[in-house]
Structure formats: structure tokens, C-alpha cells
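Spelled out, the chains give:
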Amino acid sequence: MSKQNILGIDIGGSFLKSAPVDILTGTLIAEPFKVSTPSCAEPVQLVSVILQLMQHFDWTSQIGIGFPGVVRDGIVRTAIHLHPDWVGLNIRALLKPLARTDVSVLNDADAAGLAEMAFGAGRDEPTRSDGTTLLITLGTGIGSALFRHRRLIPNTEFGHIYLESGEEAEAVASASLRPKLNLSWEEFGQRVDRYLRYVDRLVAPDLIIVGGGVSEEWEKFSPYLSNLERIRPARFGNNAGLIGAALYRDYISLGD
């Protein structure tokens, strides 16, 4: 098993998805394997699923995890879409003796941002070396990753800001609302545009990357977005989180 390959794991509100990643190229070296996220998502249940993902790939070396919440130094600070028992837990310390390997962990949207900046939609943009790039992931909720001069500013959580109407952003523009409310692509695009225009006023990024699985339907809702010259669809879609989770170890070691 090559040392340049790390198992990336993305913990989502609906699924946990995993695949081995070549961290030199950002490519998957096997088809992603996913398992439904347990309904109450307590720590003991999710740890069991993570071990199941490792077993599926017969994996014994380094793993990287994207977690849906604020994570500082491996410790979970928020877990809005998971069980509250996660808050305060050190994921690295919890998993390392069970997985019997090194574990790195970061916010899931930050992981997706790393993938897009290293190998995806942010790689060849002028803002790669100078300026501000904001990635927004639209899924069960809304995640965000902010980069200034290519350096990650972690745990921004712009999905939980409140818009001028007093509504939380996730209650307006998350991708999960489209089927739930039977929204047309035009209606969904208008909601996303409303949210992006608000965030644009707060952060004024040079580039906005729209990610999450819904980015694969870009042509259906992008005509309803403003400032398209500064907005790009993510390259990796739903795989960005697991790719970035795998890349995170080298990102830390480089101090980048």
C-alpha cells in the first residue's frame, strides 16, 4: 500500500462515503463506497461505520476524515446534524486505538475546499496565489470553506448565518430543500442566488465555488445566479470532501 495513498472519509448527513486517494494527484484509486448515516448518529455508531469503511478497503494505514461541524485540534465543537454527544469529543484520540493508524480530521466543507483549491475549480484561478476564494457546499445543509492567499481559514460555517429575512441560510438554500419543497430548478437557483449575494456582501471573495452533489446539476440552476463571472461549479462534486480529507495531513505538515 503506497504511502502516497490515504483513505478519505466524508461524514455526511445522509451517507458516509469513503475511497482511497492518491494525494499527489487528487485522484481516487478505487470506486467510492458509501454507507447510510445512522439515524441518531451517536459516536459509537459512527465509529463502527468508519471501521466498516476501512474494512471494506482492507485499509490499515493513514485515514483522513471530514466531519460535519466545527473541529479544532481534533476536538468536535459543534455537531448540528449529528448526536450532541459528539460535542467535546476528540475524534483522533477516539479512533486511533480502534483504527490502529494515524487519523487526521477537519470540517467537511473545509475538506472539500482543500480538494478544489489543490486539484479542482480553484487550482488555476488567479486567486490561487493572491486573493480570496469561498467554497459553498449545498447538501443536507450548507457548508463553507474560506481561503485567503491559498491559506484555509477554518470552520467558517456560513451555512448558519441569518439572512436579512431572519431565516437561517440552510433553511433557504440547502440542496435538500429542493425535493422536500418540490422546488423547480429556477426556484432553487433564485434561492441560492439570494444566499450567495448575501455572503458576497459579507466576504467579498474574488471567486465563489459552488460544491456539493447539486453542483453536478450546474447547468439547471446556474442561469439564475448573479455575478456568474466570479462563480464556478466545483469539479469534484460529492467526492470533494473525501479527497480533501485525505489531503489534509500534508496540508498540515506543510503549514500551508
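Residues numbered from 1 in each chain as written. Predicted model: local features only at pLDDT ≥ 70, side-chain atom pairs only at ≥ 80, totals over all residues. Heavy atoms only, no water.

A. Up close: the nonpolar core. Formed by 28 residues in total, the largest nonpolar core has its most connected members in L106, L114, F147, I209, F236 and I243. Broken down by secondary-structure element, the contributors of at least two residues to this core are β2 (15-22), α3 (108-119), β10 (142-148), β12 (207-211) and α8 (240-254). Top element by residues in this core is α8. It accounts for eight residues. Once you skip the residues sitting within four places of it in the chain, L106 turns out to touch I65, G66, F67, V71, A111, L114, A245 and Y248. Core analysis: the next-biggest nonpolar cluster, separate from the first, contains 27 residues, F57, A79, L82 and L95 among them. (Core = buried A, V, L, I, M, F, W, Y, C linked by side-chain atoms within 4.5 Å. Buried < 20%, exposed > 50% of the residue type's maximum accessible area, 1.4 Å probe, protein only. Helix = DSSP H or I, 4+ residues; strand = E, 2+ residues; numbered from the N terminus. Contact = heavy atoms within 4.5 Å.)

B. Expanded view of the packing of aromatic side chains. With the rule as written, the count across this model stands at five aromatic pairs. Measuring from ring centre to ring centre gives 6.0 Å for W185 and F188, while their planes differ by 80°; the resulting arrangement is edge-to-face. Of this pair, W185 and F188 are both found in helix α6 (residues 185-203), three residues apart, which corresponds to roughly one turn of the helix. Judged on exposure class, the residue W185 and its partner F188 are both buried. Through successive ring pairs, a cluster of aromatic residues spans W185, F188, W218 and F221. (Phe/Tyr/Trp six-rings, centres within 6.5 Å; stacked < 30°, edge-to-face > 60°.)

C. Region of interest: the pairing of β12. Summarising burial for β12: five of the five residues are buried, a large majority. A two-sided burial pattern is seen for β12, the buried positions comprising L207, I209 and G211 on one face and I208 and V210 on the other. Here strand β9 (residues 132-138) pairs with β12 via five bridges, running parallel. Note that in β12 the partner of T133 across the bridge is L207. (Pairing = 2+ DSSP bridges.)

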